[in-house]
Amino acid sequence: MSLRLLKKALLRLGLWSLIGVLLLYAVFPFYYAIVTSLKPSSALFEVSYWIDNPDFSNYAAVLNQASFLRAIGNSLVVALCVVTLALFLSVTAAYALGRVKFRGRGTVLMMVLGVSMFPQVAVLSGLFEVIRALGLYNTSWALILSYTIFTLPFTVWVLTTFMGQLPHELEEAAIMDGASPWITLTRVLLPLLWPALVTTGLLAFIAAWNEFLFALTFTLTDTQRTVPVAIALISGGSSHELPWGLLMAASVLVTVPLVILVLIFQRRIVSGLTAGALKG
Amino acid sequence: MSALTTHAPCDELLLTRETPVQRRRVRAAWLFLTPMLLCLALVAAWPLLRTFWFSLTDATLGQTREGSFVGLSNYLFHDGSNWSGILVDPQWWNAVRNTLHFTVVSVGLEVVLGLLVALLLNIKFTGRPLVRALILIPWAIPTIVSAKIWSWMLNDQFGIINHMMLSVGLIDAPLAWTADADLSMWAVIIVDVWKTVPFVTLLMLAALQMLPSDCYEAARVDGIHPLKVFWHVTLPLLMPALLVAAIFRILDSLRVFDVIYVLTSNSSSTMSMSVYARQHLVEFQDVGYGSAASTLLFLVVAVIAMLYLYLGRRQMEVRS
């Protein structure tokens, strides 16, 4: 009997140590970035695992850089505009794809899925030309427009899935009452779709906030940079003298909001990601 | 269980043929689709076609319009004595090799680790929701930021990874993770795996939760060893989800750019196809040549994507 208890205790111990290792692996790098960001530059080159005397000079230095604040503002504007644009365009598309049966529906869905698999670099030169022709080079509009290439297929796909799951009795009733498709969508279905909109909007926001290649290529001056580019371009005297404390402070500042969002909306994010990938 | 199984609700209302209501709905559907399709045409289809066209010209970044048609000479050209063009550029083939190496190793590790973590988190224990939320953190961190954090941790002189390995006695001298040609690809893989395992884990967890519980109870009653159950029941049932996750990750890895650009910039030992293409496009301003590289990358990705769509469609037919 006691042998079985011992075995059970050992299994528990094994489980918890595995979970411990997993958590350490997942969280340690971010924790270490926080530790580094709270060190004065004199203490930077001694490895330490704990926060001894928090020193906020790195944060003060980052927040005093006008260009960094500007980059945060740009990133916010770009991400929010992309989310609004993508959601607006995809809600109507998702209604058509998720609720109406018509010839060509499968083809449109395949096309949307195909675009989501594009390597970004494959459209780089063509998009560059479009952006220059529209006079948008080195503006936030260039990024807002180009980011729809990866947000729009995703939001259409996920919203179509959610839209298809709504009970169809509601729509039948609306049609009986003679409501037009637009009324059906905005008055009947949209109010039920709010949770899905929050989920997809959040995922699109994160994708836009993190994008790097287009932001690096379509903007030129510090005033138009977004956060990822600003961080990638922080440099010191040479590649061996990067201001690591400053860099880590900037990294923590732009990541903390995302981490908080993820912790709050974990359940929604999971449902959105899995709806985008597998649905059975 | 593939991404292609978004069924339209199959009720009588939607299947009724050619009633005025139905006709109006179809017209409205196309109207509703138009803005989205126009937008995708502007940012995806048209630029892609232009990239194909540029790859046949000698356009430069300063004057994309004045490029003249040069046929396939960006790809391969014989001037009587020498071959030139991408297809004989050792740097390009090096980039192809690097990308394939990166894709195979990192996707392999991600799928195996993702599955293991999902199995662990499928066990019931107190605090499981919190653990599930915490392991999402690497996924939420921007790639640029995680590359910077890791390049600090992997720093050859002051990095904590070298410090840990030295103090445990794994190595006698600090390693130059991002500068050493043999190690830098591993550094890139470490960062990518760290960032994307949560995504694979999520997909695997979702698939695990859809497994029928009755065969597990039957197996337990019969006293079959858990490993055997895993091998003969769980794994075959998870296969479709595993394949979907792997293909998603493969498509992502083939176009890898951010991690490599930040971690090792243009070093030839880690240069991927995307980095190569962008270097020619933007830094060397050679739009023709860079577009040719982009086109080749697009073709590779398109073949794999088509394979995926074909498999997904066949699976759908089998299911219905």
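Residues numbered from 1 in each chain as written. Chains lettered and ligands numbered in written order. Predicted model: local features only at pLDDT ≥ 70, side-chain atom pairs only at ≥ 80, totals over all residues.

Here's the deal with the overall build of chain A
Move 1: Within chain A, the secondary structure is distributed over 13 helices and zero strands.
Move 2: Going from the N terminus to the C terminus, chain A shows its helices and strands as α-α-α-α-α-α-α-α-α-α-α-α-α.
Move 3: Taking 280 residues into account, the globule formula puts the C-alpha radius of gyration at 19 Å, and chain A, at 24 Å, lies well above it.
Move 4: In terms of overall dimensions, chain A has C-alpha extents of about 75 × 75 × 30 Å along its principal axes.
Move 5: Considering chain A as a whole, with its 280 residues, one finds that 46% of them fall into the buried category.
Move 6: Taking the contacts inside chain A whose residues are at least 6 apart along the sequence as the reference set, 78% of them involve residues at least 24 apart. (Helix = DSSP H or I, 4+ residues; strand = E, 2+ residues; numbered from the N terminus. Rg over C-alpha atoms; globule rule 2.2 N^0.38 Å. Buried ≥ 20, exposed ≤ 12 C-beta atoms within 10 Å, placed from the backbone. Contact = placed C-beta atoms within 7 Å.)

A short note on the overall build of chain B
Move 1: For chain B, the helix and strand inventory stands at 13 helices and two strands.
Move 2: Against the 2.2 N^0.38 benchmark of 20 Å for 320 residues, chain B shows a C-alpha radius of gyration of 25 Å, more extended than a compact globule.
Move 3: Overall, the C-alpha framework of chain B stretches about 75 × 75 × 35 Å when taken along its three principal axes.
Move 4: The proportion of buried residues among the 320 residues of chain B is 42%.
Move 5: The long-range fraction of contacts in chain B, counting pairs at least 24 apart against all pairs at least 6 apart in sequence, stands at 67%.

Here's the deal with the environment of A:Asn210
Move 1: Considering the arrangement of structural elements, one finds A:Asn210 in helix α9 (residues 194-210).
Move 2: With 24 C-beta atoms counted inside 10 Å, the residue A:Asn210 sits in the buried group.
Move 3: Those residues in contact with A:Asn210, other than ones at most four positions away along the chain, are A:Pro228, B:Pro142 and B:Thr143.

Quick word on the interface of chain B and chain A
Move 1: Contacts between chain B and chain A engage 90 residues on the former and 82 residues on the latter.
Move 2: Ranked by residue count, the leading element in the side of chain B that touches chain A is helix α2 (residues 20-54) of chain B, at 21 residues.
Move 3: A per-class count over the side of chain B that touches chain A returns 70 nonpolar, 12 polar and eight charged. (Nonpolar A, V, L, I, M, F, W, Y, C, P; charged D, E, K, R; others polar.)

Some thoughts on the packing of helix α12 (residues 244-264) of chain A against helix α6 (residues 143-153) of chain B
Move 1: Remark: α12(A) packs on α6(B), axes separated minimally by 10 Å, with the N-to-C direction vectors making an angle of 145°. Of the two elements, α12(A) crosses α6(B), and the hand of that crossing is left-handed. Together, A:Trp244, A:Leu247, A:Met248, A:Ser251, A:Val254 and A:Thr255 of α12(A) and B:Val145, B:Lys148, B:Ile149 and B:Trp152 of α6(B) make up the contact between the two elements.
Move 2: Residue composition of the contact of α12(A) with α6(B), by class: seven nonpolar, two polar and one charged. (Axes fitted to C-alpha atoms, helices over the stretch in contact; angles between N-to-C directions. Left-handed = near helix turned anticlockwise from the far one by under 90°.)

Regarding the nonpolar core
Move 1: A:Val82, B:Met204 and B:Ala293 are the most contacted members of the largest nonpolar core, which has 166 residues in total.
Move 2: Taken domain by domain, the makeup of this core includes at least three residues from each of domain 1 (2-55) and domain 2 (64-277) of chain A.
Move 3: Filtering out sequence-adjacent residues up to four positions away, A:Val82 remains in contact with A:Ile144, A:Tyr147, A:Thr148, A:Thr151, A:Ala204 and A:Ala208. (Core = buried A, V, L, I, M, F, W, Y, C linked by C-beta atoms within 7 Å. Domains from an automatic or database assignment.)

A closer look at the confidence of the model for chain B
Residues and elements named next belong to chain B.
Move 1: Summarising the model, chain B shows a mean pLDDT of 86, and 91% of its residues fall at 70 or more.
Move 2: Ranking the helices and strands of chain B by mean pLDDT puts helix α3 (residues 90-122) first, with 95, and helix α1 (residues 12-15) last, with 48.
Move 3: Considering only residues more than four positions removed or in separate chains, one finds that residues 1-14, a stretch of pLDDT under 50, has 40 contacts.
Move 4: Both confidence scores are given for the complex: pTM 0.88, ipTM 0.89. (pLDDT = per-residue confidence, 0-100.)

Thoughts on helix α8 (residues 184-209) of chain B
The periodicity of an α-helix, 3.6 residues per turn, causes residues three or four positions apart to be oriented the same way.
Residue and element names in this part refer to chain B.
Move 1: Taking 1.5 Å of rise per residue, the 26 residues of α8 would be expected to cover 38 Å, and the 38 Å separating its terminal C-alpha atoms lies within 8% of that figure.
Move 2: Maximal helix bending in α8 amounts to about 40°, located at threonine 196; proline proline 198 follows within four positions.
Move 3: Taking burial as the measure, the 26 residues of α8 include 23 buried ones, the bulk of the element. (Expected span 1.5 Å × (residues − 1). Bend = angle between axes of the 7 residues up to and from the residue.)

A short note on the UniProt feature "transmembrane region" (unreviewed entry) in chain A
All names here are of chain A.
Move 1: In this structure's numbering, the residues bearing the UniProt feature "transmembrane region" (unreviewed entry) are residues 12-34, 76-96, 108-128, 140-164, 185-209 and 244-265.
Move 2: Annotated as 84% helix and 0% strand, the span residues 185-209 places its first and last C-alpha atoms 29 Å apart.
Move 3: A helix fraction of 95% and a strand fraction of 0% characterise residues 244-265, whose end C-alpha atoms lie 31 Å from each other. (UniProt positions renumbered as here; feature names shortened; annotations may be inferred.)

Section: unusual backbone geometry
Residue and element names in this part refer to chain A.
Move 1: Not every positive phi belongs to a glycine, and asparagine 138 is a case in point at roughly 65°.
Move 2: With respect to the helices and strands, asparagine 138 occurs in the loop between α5 (124-133) and α6 (140-165).
Move 3: The class of asparagine 138 is partly exposed, set by 15 C-beta atoms lying within 10 Å.

Quick notes on the environment of A:Ala249
Residues and elements named next belong to chain A.
Move 1: Mapping alanine 249 onto the fold places it in helix α12.
Move 2: Residue class for alanine 249 comes out buried when judged on the 25 C-beta atoms lying within 10 Å of it.
Move 3: Remark: the alpha-carbon pair of alanine 249 and tyrosine 49, spanning 200 residues in sequence, is separated by 17 Å.
Move 4: Beyond its immediate stretch of four places on either side in the chain, alanine 249 contacts Ser37, Asn58, Tyr59 and Val62.

Let's talk about the packing of helix α3 (residues 66-99) of chain A against α9(A)
Residue and element names in this part refer to chain A.
Move 1: The interhelical angle for the contact between α3 and α9, taken along N-to-C directions, is 140°, at an axis separation of 9 Å. Taken together, α3 and α9 sit at an angle that is classed as oblique. Regarding α3 and α9, the two cross each other, and that crossing is right-handed. Residue-level inspection shows Ser75, Val78, Ala79, Val82, Val83, Ala86 and Leu87 of α3 in contact with α9, the latter providing Leu197, Thr200, Gly201, Ala204, Phe205, Ala208 and Trp209.
Move 2: Its residues assigned to classes, the contact of α3 with α9 shows 11 nonpolar, three polar and no charged. (Parallel < 35°, antiparallel > 145°, perpendicular 65-115°, else oblique.)

Observations concerning the domain arrangement of chain A
Note: interface size is frequently given as the accessible area lost on complex formation between the parts.
Residue and element names in this part refer to chain A.
Move 1: Domain annotation of chain A identifies domain 1 (2-55) and domain 2 (64-277).
Move 2: Computed over C-alpha atoms, the centres of domain 1 and domain 2 are 34 Å apart.
Move 3: Each partner contributes to the interface: domain 1 provides eight residues, whereas domain 2 provides seven residues.
Move 4: The residue inventory of the side of domain 1 that touches domain 2, partitioned by class, reads four nonpolar, three polar and one charged.

So, the environment of A:Met117
All names here are of chain A.
Move 1: Position of methionine 117 among the secondary structure elements: in the loop between α4 (105-116) and α5.
Move 2: On the neighbour-count criterion, methionine 117 (21 C-beta atoms within 10 Å) is buried.
Move 3: A C-alpha to C-alpha distance of 21 Å links methionine 117 and serine 271, two positions 154 residues apart in sequence.

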